[in-house]
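Listed below, chain by chain, are the residues.
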Amino acid sequence: MVKNIVITGDTITGKTLIALGIAAKLRTAGKEVGYFKPVGTKSFDHSTIDHDADEDAVVMKSVLELKSEVSCICPIIRTKSSYDEFLRAGHDKLLDQIMTCYTKLSSGKDIMLIEGTKAPWHLLHVGLSTAQIATKLEASVICLVNFPDITAIDDILLQREFFKSYGVEEITVVLNLVPPMLKGTIHNHIREFIEENGMHYGGAIYQNRELFSPSVREILRALDGQIITGEDHIDSVIVDQFMVGSMAPENALKWFRRAKHKAVITSGDRSDICLAAMETDTNLLILTGGMGPDIRTVSRAKELGIPIIMTAHDTYTTGQIVDNLVATVTPENKEKIALVERIIGEALNLSHLGI
Amino acid sequence: MDRQELIDVLFNPRSIAVIGASETKGKLGNDVLRNLIESGFQGRIYPINPKGGEILGLKVYRKVGDIAGDVDVAVIVIPARFVLPVVEECGEKGVKALVIITAGFKEIGHEGQEAEKKLVELAKKYDMVIQGPNCLGIINTSAPYNASFSAGTPSKGTIAFASQSGALMTGILDWSLMEKIGFSKFVSLGNKADLDEADFIEAFGSDPDSTFILLYIESVVDGRKFMEACKKVVPKKPIFVVKSGVSEAGARAASSHTGSLAGSDTAYDVAFKQSGVSRAESMANLFDVANVFDDMHLPAGNRVAIVTNAGGPGILTTDACESNGLEIAKLTPQSIEVLKEGLPPAAAVYNPIDALGTAQPEDYELCVETALADENVDSVIVLVTPQAMTDETGTAQILVESHKKFPGKPLVAVFMGGNSMVYPRIVLNEGDIPVFDFPERAVYALAELYKYTVHRDSLKDETIPKFRVKKKEVAEIIEKVREDNRTVLLGSEAHAIAEAYGIQVAKIRLATSSEEAVDLANELGYPVVLKIASPDIVHKSDIGGIRIGLETPEEVEQAFLEILENAQTHRPKAIVYGVDVQEMAEKGKEVIIGCSRDIQFGPMIMFGAGGIFVNYLKDISFRLAPMTRTDVQELIDDTKMGTLLKGVRGEPPSDIKAIEDTILRISQLVTDFEEIVELDINPCFAYEKGKGISAVDVKITIGGS
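These numbers come from a predicted model, not from an experiment. (Residues numbered from 1 in each chain as written. Chains lettered and ligands numbered in written order. Predicted model: local features only at pLDDT ≥ 70, side-chain atom pairs only at ≥ 80, totals over all residues.)

Below, the discussion takes up the overall build of chain B. Scanning chain B from N- to C-terminus turns up 24 helices and 30 strands. Once the C-alpha set of chain B is aligned to its principal axes, its extents read approximately 95 × 80 × 40 Å. In chain B, of all internal contacts separated by at least 6 residues, the share reaching a separation of at least 24 is 71%. (Helix = DSSP H or I, 4+ residues; strand = E, 2+ residues; numbered from the N terminus. Contact = placed C-beta atoms within 7 Å.)

In terms of regular secondary structure, chain A is built from 14 helices and 13 strands. The C-alpha radius of gyration of chain A comes to 23 Å, within 12% of the 20 Å expected for a compact globule of 355 residues. Dimensions of chain A along its principal axes, counting C-alpha atoms only, are 65 × 55 × 40 Å. By the burial criterion, 50% of the 355 residues in chain A qualify as buried. Looking at chain A alone, contacts between residues at least 24 apart form 68% of all its contacts between residues at least 6 apart. (Rg over C-alpha atoms; globule rule 2.2 N^0.38 Å. Buried ≥ 20, exposed ≤ 12 C-beta atoms within 10 Å, placed from the backbone.)

Bringing the interface of chain A and chain B into the picture now. Taken together, the 31 residues of chain A in the interface contact 28 residues of chain B. Elements with a minimum of two residues in the side of chain A that touches chain B: helix H8 (183-196), helix H10 (249-256), helix H11 (271-279) and helix H12 (295-304) of chain A. A per-element tally of the side of chain A that touches chain B places H12 of chain A first, with seven residues. Its residues placed into classes, the side of chain A that touches chain B shows eleven nonpolar, six polar and 14 charged. (Nonpolar A, V, L, I, M, F, W, Y, C, P; charged D, E, K, R; others polar.)

With that out of the way, let us pick up the domain arrangement of chain A. All names here are of chain A. Structurally, chain A comprises domain 1 (3-211 + 330-353) and domain 2 (214-323). Computed over C-alpha atoms only, the centres of domain 1 and domain 2 are separated by 35 Å. Each partner contributes to the interface: domain 1 provides seven residues, whereas domain 2 provides seven residues. Of the residues assigned to the side of domain 1 that touches domain 2, the class counts are no nonpolar, one polar and six charged. (Domains from an automatic or database assignment.)

Turning our attention to the sheet that holds strand S6 (residues 97-100) of chain B. All names here are of chain B. What the five strands build is an open sheet, ordered S2-S1-S5-S6-S7; its pairing is parallel. Pairing within the sheet leaves two strands with one partner each, and these edge strands are strand S2 (44-48) and strand S7 (129-131). Direction aside, the axes of adjacent strands within the sheet are offset by 20° on average. Sheet topology places strand S1 (residues 15-19) next to strand S5 (residues 73-76); four bridges connect them, and they run parallel. Of the residues in S5, the one forming a bridge with Ala17 is Ala74. Sheet strands touched by helix H1 (residues 3-11): S5, S6 and S7. Its angle to S7, the strand with the most contacts, is close to 55°. (Pairing = 2+ DSSP bridges. Axes fitted to C-alpha atoms, helices over the stretch in contact; angles between N-to-C directions.)

The next thing to look at is the domain arrangement of chain B. All names here are of chain B. Domain annotation for chain B reports domain 1 (3-292), domain 2 (298-458), domain 3 (507-583) and domain 4 (589-702). If you average the C-alpha positions of domain 1 and of domain 2, the two centres end up 38 Å apart. In this assembly, eleven residues from domain 1 lie in contact with 14 residues from domain 2. Broken down by element, the side of domain 1 that touches domain 2 gets its largest block of residues, five residues, from helix H10 (residues 283-295). Residues belonging to the side of domain 1 that touches domain 2 are distributed by class as follows: five nonpolar, four polar and two charged.

Once that is clear, we can look at the sheet that holds strand S23 (residues 546-550) of chain B. Residues and elements named next belong to chain B. Spatial strand order, S21-S24-S22-S23: four strands in an open sheet with antiparallel pairing. The open sheet terminates on both sides in strands that have one partner only, identified here as strand S21 (508-511) and S23. On average, each strand axis in the sheet is inclined to that of its neighbour by 25°, with strand direction left out of account. Bridge analysis of strand S22 (residues 528-533) against strand S24 (residues 578-583) gives six bridges, and the strand direction is antiparallel. The partner of Ile532 across the bridge, within S24, is Val579. Along the sheet, helix H18 (residues 491-500) makes contact with S21, S22 and S24, crossing S21 at roughly 150°.

Turning to the pairing of strand S25 (residues 589-598) of chain B, a few remarks are in order. Extensive coverage of S25 of chain B is indicated by the burial of nine of its ten residues. The hairpin formed by S25 of chain B and strand S26 (residues 602-609) of chain B contains three residues between the paired strands.

Here the residue pair Ala143 of chain B and Pro144 of chain B is connected by a cis peptide bond, since its omega of -15° sits within 30 degrees of zero. Within the secondary structure layout, Pro144 of chain B lies in the loop between strand S8 (137-140) and strand S9 (145-148). Cis rather than trans, the peptide bond between Asn682 of chain B and Pro683 of chain B has omega equal to 0°. With respect to the helices and strands, Pro683 of chain B occurs in strand S28 (residues 676-686). One non-glycine residue with positive phi stands out, namely Glu65 of chain A, at about 50°. With respect to the secondary-structure elements, Glu65 of chain A resides in the loop between helix H2 (55-63) and helix H3 (70-73).

Residue and element names in this part refer to chain B. Across the interface, helix H12 (residues 333-342) lies against helix H13 (residues 361-373) with an axial gap of 10 Å and an inter-helix angle of 175°. As summarised for this structure, H12 and H13 are arranged roughly antiparallel, according to the angle between their axes. On the side of H12, the interface is formed by Ser335, Val338, Leu339 and Gly342, while H13 contributes Leu366, Cys367 and Thr370. Of the residues assigned to the contact of H12 with H13, the class counts are four nonpolar, three polar and no charged. (Parallel < 35°, antiparallel > 145°, perpendicular 65-115°, else oblique.)

With 305 residues, the main nonpolar core has Val75, Ile76, Val307, Val382 and Leu446 of chain B as its most contacted residues. Here this core takes nine residues from helix H16 (residues 439-458) of chain B, the largest share from any one element. Once residues within four sequence positions are removed from consideration, Val382 of chain B is found in contact with Val307, Tyr364, Val368, Leu399, Leu411, Ala413 and Val414 of chain B. Judged by nonpolar contacts, the second largest core, of 33 residues, contains Val239, Phe256, Leu285 and Ile306 of chain A. (Core = buried A, V, L, I, M, F, W, Y, C linked by C-beta atoms within 7 Å.)

Residues and elements named next belong to chain A. With 14 residues, H8 extends 19 Å from end C-alpha to end C-alpha; this agrees with the ideal 20 Å at 1.5 Å per step. At His189, H8 shows its maximal bend, which comes to roughly 40°. The inward-facing, buried residues of H8 abut helix H7 (153-165), strand S7 (171-178) and strand S8 (200-206). (Expected span 1.5 Å × (residues − 1). Bend = angle between axes of the 7 residues up to and from the residue.)

Here we come to the pairing of S22 of chain B. All names here are of chain B. Among the six residues in S22, six count as buried, and that is most of the element. When S22 meets S23, the two strands line up antiparallel, connected through three bridges. The partner of Val528 across the bridge, within S23, is Leu550.

Another aspect to go through is the packing of helix H17 (residues 471-483) of chain B against H18 of chain B. All names here are of chain B. The interhelical angle for the contact between H17 and H18, taken along N-to-C directions, is 160°, at an axis separation of 9 Å. Taken together, the axis directions place H17 and H18 in an arrangement best described as roughly antiparallel. Taken as a pair, H17 and H18 cross one another with a handedness that is left-handed. Here H17 contributes Glu473, Val474, Ile477 and Val481 to the contact with H18, which in turn contributes Glu493, Ala496, Ile497 and Ala500. Taken together, the residues of the contact of H17 with H18 break down into six nonpolar, no polar and two charged. (Left-handed = near helix turned anticlockwise from the far one by under 90°.)

Structure representation (structure tokens):
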């Protein structure tokens, strides 16, 4: 019998990260893991004229080496073309589509990971919210709750109410984006609070730059830039922090030393800043103003394996663009996936689900 | 053979191969070979060129392997792409040292750099040393030989000169011929792939033909090695350095010239100071000093006698002596008697000795020889202005003779003037007396010679103090920070590290809830300080992240919540670890102790006046760690704060011993833990003598991975 686990939560990338973490754990234990995302959103990067595709589905298909079509892993794509795009199809037809794909995907699997919609109440209007699908599939629910401060305990209860009202019995709470200062509180009190309120505590994911750090490829794409050296590292290198370099090199050093795995944004003609940056833990040089580096900077970067990209934007604009970059997990980014599997794997304790 | 023995072979080879020798005039391969022949090299010369034949009357070999006898040194002047296989051939032939003149290595980019790395590997493999690549060559006037493409050979002398710039050398060489300055060794460092400035300094140090070392550098390859070499050599002979790239723009130019980040100029300054090296501010200064040193012995002290034929220049010289740290000698009564007897009554017989405008060569002879013989005089400056009755050339000749009678005491001439001084200057140059046209330069050079004797004598063999510390605790804290993937330590962590190294710190504990904060405040005792604990927030006070002087549990609770709220409002993206609860230290004299790791020289310790005026007062000084107790004392004495701590205007003195110990412990900490790249204690309160100090705010950044 296949065990169904629905992963839900009002988060941007958290659910897929959890799915990756769990899948890695299970696969190490020799289990056959499937992945299903009943309702997704359209990714223009991965869609074709004939088929709309969801990015998470593409990633999981590649990671779990699934044979099925992406269009089956995520059968229903919300295009937001009109308010009634699903009402026109109707509950029954959509459910039928979901169940057909589910049956196909789950055959031969030990465990199916089912990823919910962006928020668990989405698609209530056709009776296909994440909670309703979970009941239908008799699934256990892992509920991801953002926990930036202690007021979020009410959010936990709200989730419980919602899922219970649709008949879901087994709820596991995983806390997300927890500031490190709450480590003690979570451990000593919140965990207990969750269990006293009839739920399981499945772990906490603390604020961690690495998880949400963009890769060089993502930065390059966002800046519409040009890569000068380090093409080999375009997916493997991620950037945790950004810093602008504009001071004299010996003063810059002090600042550069404060950040790990960083990208330094500076103008191409500041070879002193580039060299100072490369003396510290720097993963990427972003040269602005369309000015390329001098030959010695390139040579040092090659020696150290640090990629350099060049953009036509000025330093301020560049800073703004990268500041809003939130990394996603992409199929090309193998290193990132390994990192996610490790961090999430360590954060979770789902032994009550047999994981 | 070790490196120094190999350099000795490079300096004194029995045979030299010129690989890439050419018969075409104007080609480097032709210049080098011709220079070698013309320099009077007594050993064997093997021109090498695949075409064979004969060049400048010498048999040409097709390759190194064809030579029957041993080859000590090979000079390589062939295009860069052929260099590696030729170096390999040289290695197989057993060549000891290579001078690679060829350019097109590190300076042209990545491929060049890779090739340069291979050069160094080959040198290691075959036990050779390499000078260059991308250099002018080498000249040894005492061997003698000239294996360079310079447009002339310097005259023989006692100055060893190494330069990172080849072009600069050619200029100096030409100028030195005019100025009659002689060199023992003339080395162009080039890219310093293998042999660097430190190797040559050490070699010059044990070279019997060199008594004085001059260096022009843009950066050093290995700061520590450089300092070690200098410390070894300075007790035997002086090292004078011009290090360019002082200004911000200069440093920028230097970094794009060398492709590596030079250490900060402050670090260079401190490194020179701590290893007894004198730093000249300009090439002109460097050679003024060289000019004096080439001919004269070192002065025994700083007492100068001035002999002049005019009042004005005498006063100028006196002023210059004062400002350069030289003393105007007090002549013995016997000398004064001699002068009184021999000079006209209007003459000034006290130092400066003014022999009047009518002074004839005999008058100068009397004055100069009396001064040279005087036991209260360590050196003599002779000023001559061209007046109606002055016999400039005769006076010059007299000086040459006087110097011969008293060769042990430095004698420097200043012949002020233009056309009338041309011939006298030649006489002085020929007679090995340094001559200047204005007094300030002469005084500067003389003063530098004296300062060298002071540096040399102050280089003591003092041990580095070692304290008993809890090294393991520090290692554990750093490990934890690493695991957390942070570089900036929390206040509680930084203070714990300082505490483990026996530094008196204000205690800090991390609270993650308001109740915990209150408990910790009760434990530490009121009043307390609360500070936001987040590596992302540097300027805590700017966002309301600090509350001081909290007297009650209620105030602590209130402050805890307020600080978190402020952090949330102003820096929503910052990762917050909690709030630090810290004991309030009693106010004392505010000092700052810091450490920054220099790229070239390692940990550099700073001391100075602390508190909010740090950036305004700039009353700070630096030393490189590890430090001796003398280093620390000098470091503190360098600052005005050092004087203040001793107690001024009736104030009781502060606990300087405790500050010294704190600095030494910091020095030990940053030496033990290379991963500490930045450390700041600001402020550190210094209390009255016997009451110690309190490190109020300790900040630590770790690097590496």
